[in-house]
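An overview of the molecular structure
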Amino acid sequence: MAKKWYVLHTYSGYENKVKQNLAHRVESMGFEDRVFDIQIPTEEVVEIKEGGKRVTSEKKVFPGYVLVRMELDDASWGIVRNTPGVTGFVGAQGKPSPLSREEYNKIMKRTHSDAPRKTSSNLQVGQSIKVVSGPLAEFDGTISEVNPEAGKIRVMVSIFGRETPVELSYDQVTSL
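So, here is what we can say about the structure in this document. (Residues numbered from 1 in each chain as written. Predicted model: local features only at pLDDT ≥ 70, side-chain atom pairs only at ≥ 80, totals over all residues. Heavy atoms only, no water.)

A word on unusual backbone geometry
The phi torsion at E138 lies on the positive side, around 80°, for a residue other than glycine. Since its relative accessible area comes to 58%, E138 is described here as exposed. (Buried < 20%, exposed > 50% of the residue type's maximum accessible area, 1.4 Å probe, protein only.)

Set out below in structure tokens:
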């Protein structure tokens, strides 16, 4: 029987508890030969707080989901399905569908330390900001675009009476 990765749907916020409960159930019921690994994909995110302070934290890639590598049969399905916090397997018509190797690799690639870090902030399109550093320091503007992957925003700044688009990093601005 093949070892495959399956996706479990859990109550949001209970992913770590489900991983712990499932690992305990597998061990106590002697299913280590059918349930091999449990993963909660996470990635590092750099958040820009007020005043441009950068804080790195770990966030779940898919909140409410846990990956399980297992040999699927009626007994192993029952052990996993009846774990507290698990609402079901992801798949068509209630039947668990395994992830392909490509899907699994794509998900897990985001969790490695060499994966690009995402940047997040509370900045949003339409928000008024003040530029705090760089050649446009002290200018006010309005955010027209937010690019969290690059940690950049596009701001419309009034220079000599004309609206001019300028690309800035999160830490170069503060909200008004």
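Concerning the sheet that holds strand β2 (residues 35-39)
Spatially, the four strands line up as an open sheet ordered β2-β5-β1-β6, and their pairing is antiparallel. Strands at the two margins of the open sheet, each flanked by one partner only, are β2 and β6 (86-89). Averaged over all adjacent pairs, the angle separating strand axes in this sheet is 30°, with direction ignored. Strand contacts of helix α2 (residues 74-81): β1 (4-10), β2, β5 (65-70) and β6, with the helix running at about 145° to β6, the strand carrying the most contacts. (Pairing = 2+ DSSP bridges. Helix = DSSP H or I, 4+ residues; strand = E, 2+ residues; numbered from the N terminus. Axes fitted to C-alpha atoms, helices over the stretch in contact; angles between N-to-C directions. Contact = heavy atoms within 4.5 Å.)

Some thoughts on the packing of aromatic side chains
Going through the model one piece at a time under the given rule, you end up with three aromatic pairs. Each ring, one from Y11 and one from Y14, has its centre 6.2 Å from the other, and the planes form 70°; the classification is edge-to-face. Here Y14 falls in the partly exposed class, since its relative accessible area comes to 47%. One Lys or Arg, K3, reaches over the ring of F36 and ends 4.7 Å from the middle of that ring. (Phe/Tyr/Trp six-rings, centres within 6.5 Å; stacked < 30°, edge-to-face > 60°. Lys NZ or Arg CZ within 6 Å of the ring centre and 35° of its normal.)

Focus: the environment of V68
Mapped onto the fold, V68 is located in strand β5. Here V68 falls in the buried class, since its relative accessible area comes to 0%. Along the backbone, V68 and M29 are 39 residues apart, and their C-alpha atoms lie at a distance of 17 Å. Leave out the neighbours within four places in its chain, and V68 touches K4, W5, Y6, L8, L22, V35 and D37.

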